[in-house]
Amino acid sequence: MFSTVQGTLTYTPRLLSIDFQGSFGSMSLQGTLYNEGSSAPSEVVTWAGNISTHESEPQKKNLFLQSLYQEEQNVPLIDGINGGTKDSQNEIQDADIVNCLDKGVQFWTDFSKVHYHPQSLYEVNGLWLDAQAFDNYGIGRDVFTENLRGEEICNRLRFFVEECDRIQGFQFIVEDSGGFSPVASDFLECIADEYTNTPVLLYAVRGPGTHMNPRSRKQTVIRDLHDAVSFSRLSSFCKMIVPVGLPFLSRSKASTFLNIEDENPYHCSAVCAAALHSTSLPFCMEPLGPTADSSDASGAVDVNGIVQMLAGQSRQNMVAILDVAMPCPSLTGRQDEQSLLGNLQPLTPEVAEDVDDLQAVESMTVHGAIWSEGHRASVSEVKKAIHGAYERAITRPMFCHLSVARCPLPIPLPFPSIFGNLVGQQGELLGSPILGSISRGSLDVHSIPMAARLRSSCAILPFLENRLGNLRKFGIERGSPGTELLRTWGFGKDEVEDIGETLSKMVKTVKPHSEISSDSD
């Protein structure tokens, strides 16, 4: 099976988001999901022998993509989906689309309705692997440098950078559990060399399926070494890194009001996307004066501001934790104000709970908060409630930056049906469950209030210690079972010790009085 590596560059006036993802379905290199043009086969002039062509069947468009294509072609749709009024036939058609997506999503392009700029998409050809086999650092190590791919990818980035009057930073998202990690680290290294003073905020994201228990000791060694090497290398080329992705999202406190299927990336990616959207909102706000507040938004900050706030303060810890409340509770009513802070739960794995960290620094975004039933809270009401909650909290951070927007998170038609039966139409939390409903989707829930938080805290210590410990056990200590594996990945003894030194420094940063020693001593 032919597999592709997909990189997506998304441009906003002052921010570039870069996303490395897996294989995809009905997507053309022109940036549209539903281009119908077919290319004629090219003639081979350097080969005089017989030619054998092996062509796979194109991915069949699902009902959602068919509806988008027909809308673009101005073709009237069956059941009145293109009608201007909302009728029962339209509801049936929408329900069919939602049902189709809930049962049949295979690729991220199955539910995307975005028209991408032609320069946004880069397809890596020639990797005769499926997505499951492209699963460790060694496999993807040379992908970026082969066949001038790296130069082609960097040229596409330059195209968008040149469109910016002033670039505030790069927001980089990578699925780091397999071969995409070295591709991303090589790309990040190029960015660091070419845009030296431009900060990079990196989200290292993975789904629950990547945390499955290995079936053998060899697989355990490969996975643990990959995690240590990947995290160390990626963190070397960014100003701040945020690990995202729980082993069992459905069992976590972050899913209290959600109905998640861990084996379904369509579900899990929606939660991550919603959280990352929320943390990115301050980058899109118009900056105002130090005392001025808009009636719709407050707390604008750019990428450099977030990085300096979280990674440049006191202990200078560059590894941040992502928390989310989805949906966040109302600020008054049966939930008290403190519950909003209590409902913020980590999407970052392996973090310590109930840690009292006097040097913690936080940046919180709240948007679409509900003050009382049927009433969206104003910016000033949200700020007052959050500040009051921190004043009454037993533990509080050294510093917290708050960004507020009145707009909630809209729930578009292709959003998965992941909301539980306590979530109302506007995302309000109900007093009793809706009978006969287990999961609710975009036809039932039109928007939700969101809260997301990035925090620098020593609660990240278990995450860091696990990676350092596994690297030492499997790759550094005498007789380690992974020494030869690391060599096949291109890492000699000195490079492995450098990786260990990088992780050791991270541990010391959040555990300054530890007796942990350098591996190179």
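Look up a bit, the structure's there.
The rules we used
Residues numbered from 1 in each chain as written. Predicted model: local features only at pLDDT ≥ 70, side-chain atom pairs only at ≥ 80, totals over all residues. Heavy atoms only, no water. Buried < 20%, exposed > 50% of the residue type's maximum accessible area, 1.4 Å probe, protein only. Helix = DSSP H or I, 4+ residues; strand = E, 2+ residues; numbered from the N terminus. Pairing = 2+ DSSP bridges. Polar contact = N/O pair within 3.5 Å; in protein donor to acceptor, adjacent residues only side chain to side chain. Contact = heavy atoms within 4.5 Å.

**Structural notes on the pairing of strand β8 (residues 321-325)**
So, step 1. A large share of β8 lies buried, amounting to 5 of its 5 residues.
So, step 2. Neither face of β8 is left uncovered, since the one carrying Ile321, Asp323 and Ala325 and the one carrying Leu322 and Val324 both have all their residues buried.
So, step 3. Where β8 meets strand β16 (residues 450-456), 5 bridges bridge the pair, whose relative direction is antiparallel. Looking at the pairing, Asp323 lines up with Arg453 of β16.

**Regarding the side chain of Thr279**
So, step 1. Within the fold, Thr279 resides in helix α6 (residues 265-284).
So, step 2. A polar atom in the side chain of Thr279 sits 3.0 Å from the backbone oxygen of Leu276.
So, step 3. Leaving out residues up to four positions away in the same chain, Thr279 has contacts with Tyr203, Leu322, Thr365, Ala452 and Leu454.

**Notes on the environment of Leu202**
So, step 1. Among the secondary structure elements, Leu202 is positioned in strand β5 (residues 200-205).
So, step 2. Ignoring any residue separated from it by four or fewer positions in sequence, one finds Leu202 in contact with Phe172, Val174, Leu188, Leu234, Cys238, Met240, Ile241 and Val242.

**Points about unusual backbone geometry**
A negative phi holds for most residues other than glycine; trans holds for most peptide bonds.
So, step 1. The omega torsion of the bond from Met326 to Pro327 falls at -10°, within 30 degrees of zero and hence cis.
So, step 2. For Pro327, the location among the structural elements is in the loop between β8 and α8 (338-343).
So, step 3. Look at Asn147: it is not a glycine, yet its phi comes out positive at around 55°.
So, step 4. Looking at where Asn147 falls in the secondary structure, it is placed in the loop between β3 (121-127) and α3 (149-161).
So, step 5. Phi is positive for Gln316, close to 60°, though the residue is something other than glycine.
So, step 6. By secondary structure assignment, the location of Gln316 is in the loop between α7 (303-311) and β8.

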